[in-house]
Each structure stands twice: as structure tokens, then as C-alpha cells.
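# Observations on the model geometry
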Amino acid sequence: MKKYLLLMLSVITILLIAACSGGSDEEEASGGNGGENEQSSEETGGSDDGGGDDADQEQITLRMSWWGSQSRHDMTNEIIALYEEQNPHIKIQTEFTGFDGYFEKMAAQAAGNNLPDIMQQNFGEYVNLYASQDLLTDLSPFVEDGTIDLDGVSDTIVDAGKVGGTLVGIPTGTNALVATYDSAAFEDAGIDAPTHDWTWEDYERIAREYHEETGKYGARLNEPGNMFEYYLREKGYALFNEDGTGLGYDDDQLLVDYLSMTKGLIDDGVMPGYDVIQLIKGLEDELIVRGETPLDLTNWSNQVGALENAAGTPIEMVVLPGENNDRGMFLKPSMLWSIGKNSEHKEEAAKFINFFTNTVEVFEIIGSDRGVPIKPEVREALEPNLSDIDQKVYDYVNYVSENSSPADTNFPPSASEVFKALEDTDELVMYGELTPEEGAEQFRMNAERILAK
Amino acid sequence: MGLREPEVQNQMQKNKNLPPTKKFNRKRVGREFENGMGYMFISPFIIGTVMLTLFPIVYSLYLSFTNFNLVGEADWIGLSNYQEMFTSDPMFKQALEVTFLYAGAGVPLRLVFALLIALALNKVVEAAGLYRTFLYLPSIVGGSVGVAIMWRQLFGNDGALNSVLASMGLPTHSWLGDPDTAIWTLVVLYIWQFGSSMLIFLAGLRNIPKTYYEASSVDGAHKIQQFFKITLPLLTPVILFNLVMQTIQGFMAFTPSFIITAGGPMNSTLLYILYMYRNAFQFFDMGYASALAWFMLLIIAVFTALIFKSSDRWVHYDDN
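Residues numbered from 1 in each chain as written. Chains lettered and ligands numbered in written order. Predicted model: local features only at pLDDT ≥ 70, side-chain atom pairs only at ≥ 80, totals over all residues. Heavy atoms only, no water.

Here the focus is the environment of A:Glu223. Residues and elements named next belong to chain A. Among the secondary structure elements, Glu 223 is positioned in the loop between α9 (200–214) and α10 (224–234). Classification of Glu 223 by relative accessible area gives partly exposed; the value is 39%. Those residues in contact with Glu 223 that sit more than four places away from it in its chain are Tyr 258 and Thr 298. Only 3.3 Å separates the side chain of Glu 223 from the side chain of Arg 220, close enough to count as a polar contact. (Helix = DSSP H or I, 4+ residues; strand = E, 2+ residues; numbered from the N terminus. Buried < 20%, exposed > 50% of the residue type's maximum accessible area, 1.4 Å probe, protein only. Contact = heavy atoms within 4.5 Å. Polar contact = N/O pair within 3.5 Å; in protein donor to acceptor, adjacent residues only side chain to side chain.)

Below is the structure:
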């Protein structure tokens, strides 16, 4: 009796083990079709039968990922619901997080050849890295055959989605760096607010005057990544050289000047140091929101809406300072929509991107949160009903589009490490551990070491 | 034994080739069957360990000799990663220094603290379980993100600590913003999570026979003498265990510097594992991160070995 029991148990165990290992084999083999294994096997079954004649009846699940704030999650889910309603055969499975952790998660999926069908990408070093690894689908066929309609979109905007000549991302909207200021605070202090034609001297002067008048900070600490890049552009240089193998400027005096300016403002108490900045928890906690400074040069235009909401007081926008700020300023895709190379439903994913780019309702829901729409018709259709803040953002981006030069796209894959090195240097100088001269020298050394890898 | 027996049996079989074989055989089959069954039952564990632990470990060793960036092909680059670590990466040195300071200060302090609390608890008779639970709680939630966020609030510029200082008329300080103090807030957090060491100490203390204390007090020893001559020597095996476990944990700390300070200010809290994480998931340099991981393994191995080696001199076992 006991023996039979043992025998039976062992048979069951064998079956279980066989089932387990079989399952894992299958999973490895089909690692490419995404998280929903059951779904996809159903689909492949369906397409075999259908012989591809009527795609409308076939149920398709697309995976889509993005990063953002809670309000963006809510709005995007609303848009997806709208799309699913109009296209009952499509089901969109969403994956969303904050920006922190998003690219860590995507990197793991990329390593498993398991990227989502529709993926929100970031302009600059991120999209360049993904493109350099051949992980993203070339979207130009879809644009050529009209699946993604980009008629009337300016070339500079479309080009921003290209890496090495291949179109790998469709901009979700356009964006620009912006100097945000609290107009009421300047009025109360009796100081003239900045204008589009302000210089670096004006910037320092305004910040100092406000500080002397009120005792509060005259401006928020700048973040070196965006700011120094802009500073270089304004002076006619770039952060990276053309092929991304080295720094784009030879004279370290540029960084010395930049660091000295910030250091001087911090030493005089006009600007908070890193000890204050590093405790800021998200946009809602920013100094300009809390009324501790009237001037903040670290935002992007699509964040101004959230900033004004949080501050509860009008936030105005001007371009960043400098005599040549029309050369320094640039329009940037706020984000890009990309299609994973491993996607099995590239066509359907492209249709969704087209929907997102060309549908007025989409932008009625999302406002300027993913930037100003790239299609002129959509912009025009929205114009009459814009909220005040969206109107301001539209006007601002419009101004920048006429007073800017094309964005740099030559970010090497190791750019994020270089930006980190720049931040480290900035911090060391601001804490007084290094002089600006030493900092500039150290940054060049570190950057060249990273880029040489 | 298991190897030799079948051989002997085989020979016996060859020599005799006679009736007893039947019974004999059945026994053999039975044993093999039982062994097979045994392996089968532990196979889920073995498969899991090989696939989810052993394979990744070996694979990461391989990766440490490549330039794998998580998404592309891994090209063999020999010892370049290790070479870079030791010759040209200033952050590597920084991370090592921070980690040694953190573990070097945190581990002994946590052990002393845990021992003190255990000594106090050992005296408590009523509701001992309740106290134990409360004191152990910080360690249960210890590695968690929640505690780290709370720590941020406590030591922030407008945090609880500064509020208390201000209300007493003392000068406040930017604890997390000052590179000299930020690492110490993390060390304090590490010390505060003393629970598991404390429980082990407590168990060790309970194991010391009361008779020793009685005998020594008859001989006129006072409390302090008793502590140093009886308690501490008899506790050394437990101290050894705690020291090894805590050293390993101390070197591998990640969450506090990730959440509370993000390695800043000025990388003064850049723990080694955080730097490794950055290389892996922010700079996408998996090969380099793997090399860092293997170097950390080496450090921990060396320290553990040193501790064990030194233990001959200071650990007293009861039974000798």
C-alpha cells in the first residue's frame, strides 16, 4: 500500500517537474512576445485561422508604458479608454511609473527583448542609447504610407525624433526650457520682472535686488545639466562635440565663469545651496511654489501648468537670459512615442501614435502636459478654448519656436554619466571643496575619461 | 560508503551468481528508488538555486569581463573594468571610503547598542515579550523605504530634530545637507535597527547559567566584574556570529543612501552598492557594475575570513 502511494507521489512529482521545466522553456523561447503570454498565444492562434483577411475582428493587446505624475496617469488612461472605445478590437495594457525607476524598468525589459509596443521615450541620451542598440522600430514607413500623419509638422520637430537619420520617435509635443517667475512677488518688492531680452547681468542684478529687498532667495539654484548646456549654446558652443566623443568646448573658462556666477550668488545668500535644494520633494514642494523665491530657471514649459496650480499664484514665463538667448534656446520634444523593435503589432501601435498626435480630444484631455501639440491643425482647433495657463504655454512655445536654434542631438550613450559628473563637480564647487577653476578642470578630466570608455 | 557498497555487491554478484540475488536486488532497487525519490523531492529547491542563484552569480562574473550595457551584445574586454576601477575611477574610491566609514562605525556601535539593550531586557521580568517586540520593530521595517523617508523628515532642515533643537534655543543644523554630518544620520539609522542582533544577544544571555553569577557573588565579585569576567567571555561565540552577520549587512547597505540622501551631498553618502546600482541601471554599464559586485564579494570574504581567523584569540567556547 505504502509503495503504491510512493509510486503515485513520484509520478505526480515527475509530472509537476516536467510541467515546470516545460513552462520555463516555452517562456524563454517566446520571451519576445511580451508579458501576456496567454493573450499572445490566443492571438497567434486567431491569426492562423483568419489568414490575415479581416484584421478588424482580431483582438489585439498592445502594451504601453510612460512615466509621469499622477495627473498624467489619469489623463492618459482617459485617452486610452477613448481609443479603446473607438477601436473595440484593441486592448491597451498600461505600465506607468514616475520618472525615477522608469528607465531602470525599461532597461530590464529591453534586456529581455520585451519592450512595450508603445513606449514613451526621452529625447537626448536615452533615445540615443536605445536607438544605438537597435531596439526601436524605424517609423518612417508608417509616416510615408500615412499611418502616422505628420503633414504640416515642422521639419525641426520631426528631425528631433531621428537618431542617426532613422526616425525612431514621434514627439508627443514640444517643450522649451523656461525661466518662471512669480510676477506678484516682483511687484510687491517693486522690482521690474525679467523680459525676453534680459542678459546674465540682468539675471544676477534682479536676483540680488530681490534678495536685498525682501531677505528671501532671489532665485532658485540652477541645475547644471540643462543650465550649463544652455549656457554653452548661448555662447555658441555645445556640451558634446559633433560625434559625441568629447566635450564640445575647449576653453575651460566657460565653465569657470558659469560656476563662479552661481557660487557668488550662493555665497551672498541670494541663492540657496544644495543643502536646501536636495530636500525638495517634487514639483509641489519647489521654492517658487512655497513663495521662498520669485525666480526659477530650472523648469520645462510643460511643467508650468502644474507649477502654477501648486503655487496658486500666476507664474509667468520668459526665455533664459543672455544676449544671444535666441541661439541658446531650443525646442525639444517633451517626450517621444517609440515602438519597440520586438513589437508584434507595429502597425496597430503606429495607429495609436497617430491617434495621439492628430486627435483634438486627446489634447483637450491632456492639455499641455506632454508639451504643445506638434500638428498645426490640432493647435489651431484648440486655440479658442485654451485655459489661461495653456494659452501662456502655447504663446511661450510659439515665441521660442521663432527665437531659437535647433536642439543638439549628439548625445553619446554615456551622456547620463557625464551629466552626473557635471552635477558632482557643481556640488563640489558650491560646497566650496573646489574652486571654479579646479572644478572646470576636474569635470573635463572626468568627462573625457567617461567618453573614452 | 554509498559508493563502495554497490561495488562490493557487484563483485559478490559476479562471484556467486546465485539465489540470494533476488532478495538482494530488490534491496538495491529499493535504495536507488529511494535516492531517486529524494532527489526528486528536493529538485524544486535545486532547480531554483541553480537557475535563480547560481547561474546569475556565474553570469555576473562573466559580465564583469565584458562591456554589457543591458540592452546590447556583451563584448569581452578582459580586465578593463577592473583596471578602470583601480586606476582611473575616482568615484570608486569615494564609494569605498564612504562604505568603510559606514560599516566601520555602524557595525561596532550597533553591536554595543544591541548588547546594552539586551542586558537591560534580560533584567525585565514582566511583559518582556512586549518590550522585545517593540524594540525589534525598527528592524522589521528596517530595510524599508518607509523608514528611510521618515528619517529624511526627522533630519530635514524643517525636520523634527531641528524643531526640538530650536525650541530648546540650540542652533539648528542642516544635517542631511552638510557633507560632514549626512553620513552620520545614516549611521544612526543603522544603529537604531539593532533588533535582530539584540534578540540573538538576549538568547545568548539567557543561556549563561545563573550558578556562575551566584558563585561569583559569593566570592565577592561585583556587577562590573561579573560582566567582564563572566558575561562577556561566555557571550563571545554570539558576538562572533553577530559580528560576521552585521559586517556583511553593513557592507551591503543600499536603501538608506538611495532614499534618504541619494548619495549626496557631494557623494559623501555614496555607499558602494548605490554606486554599483547607478552604474548598472542609470549609466547602463552592467559590465562595470558586475565587476564592482565581485570586488565587494572579495572584500566581504576577506573581512569574514579575518574575523574568523582572529576568533581563536578572543572567542571562548563553553566546552573546552
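All names here are of chain B. A contiguous patch of positive charge on the surface is contributed by Lys 123, Arg 206, Lys 210 and Lys 223. Within the fold, Lys 223 resides in helix α11 (residues 223–251). Under the relative-accessibility criterion, Lys 223 is labelled exposed at 64%. (Patch = residues over 30% accessible without salt bridge, like charges linked within 9 Å, V, L, I, M, F, W, Y side chains within 5 Å. Areas by Shrake-Rupley, 256 points an atom, 1.4 Å probe, with all protein chains shown as cover. Salt bridge = Lys/Arg side-chain N within 4 Å of Asp/Glu carboxyl O. Lys, Arg positive; Asp, Glu negative; His and termini not counted. Charge placed at Lys NZ, Arg CZ, Asp CG, Glu CD.)

Attention now moves to the UniProt feature "transmembrane region" (unreviewed entry) in chain B. Residue and element names in this part refer to chain B. In the numbering used here, UniProt assigns the "transmembrane region" (unreviewed entry) feature to residues 36–62, 100–121, 133–151, 182–205, 226–245, 251–275 and 287–308. Secondary structure across residues 182–205 divides into 92% helix and 0% strand, with the first and last C-alpha atoms of the span separated by 35 Å. Helix makes up 48% of residues 251–275 and strand 0%, with an end-to-end C-alpha separation of 13 Å. (UniProt positions renumbered as here; feature names shortened; annotations may be inferred.)

Here we come to the packing of helix α3 (residues 70–86) of chain A against helix α15 (residues 346–358) of chain A. All names here are of chain A. Viewed as axis vectors pointing N to C, α3 and α15 meet at an angle of 120°, and their least axial separation amounts to 11 Å. The orientation of α3 relative to α15 falls into the category oblique. Relative to α15, the crossing made by α3 is right-handed. Facing Ile 79, Ile 80, Leu 82, Tyr 83 and Gln 86 of α3, the residues of α15 in contact are Glu 348, Lys 351, Phe 352, Phe 355 and Phe 356. Class assignment of the residues belonging to the contact of α3 with α15 gives a composition of seven nonpolar, one polar and two charged. (Axes fitted to C-alpha atoms, helices over the stretch in contact; angles between N-to-C directions. Parallel < 35°, antiparallel > 145°, perpendicular 65-115°, else oblique. Left-handed = near helix turned anticlockwise from the far one by under 90°. Nonpolar A, V, L, I, M, F, W, Y, C, P; charged D, E, K, R; others polar.)

In this section: the interface of chain B and chain A. Listed per partner, the contact involves 38 residues of chain B and 32 residues of chain A. A combined buried area of about 3,000 Å² lies between chain B and chain A, and 63% of that area is made up of carbon and sulfur atoms. In this structure, B:Glu84 and A:Arg449 form a salt bridge, with 3.2 Å as the shortest nitrogen-oxygen distance. The interface formed by chain B and chain A includes nine residue pairs in polar contact (both at pLDDT 80 or more). Of all elements in the fold, only α2 (21–63), α4 (90–123), α6 (145–155) and α13 (272–282) of chain B reach the threshold of two or more residues within the side of chain B that touches chain A. In terms of residue count, the dominant contributor to the side of chain B that touches chain A is α2(B) (six residues). (Buried area = accessible area lost by both parts, 1.4 Å probe.)

So, on to a negative patch on the surface. Residue and element names in this part refer to chain A. A contiguous patch of negative charge on the surface is contributed by Asp 138, Glu 144, Asp 145 and Glu 347. As for its position among the elements, Asp 138 is in the loop between α5 (125–132) and α6 (140–144). When its relative accessible area of 31% is taken as the criterion, Asp 138 is described as partly exposed.

Quick look at the pattern of salt bridges now. Residues and elements named next belong to chain A. Enumeration according to the criterion identifies 26 salt bridges over all chains in this entry. Glu 223 is paired through a salt bridge with Arg 220; the nearest N and O atoms lie 3.3 Å apart. In this structure, a network of salt bridges that share partners links the residues Asp 149, Lys 375 and Glu 377.

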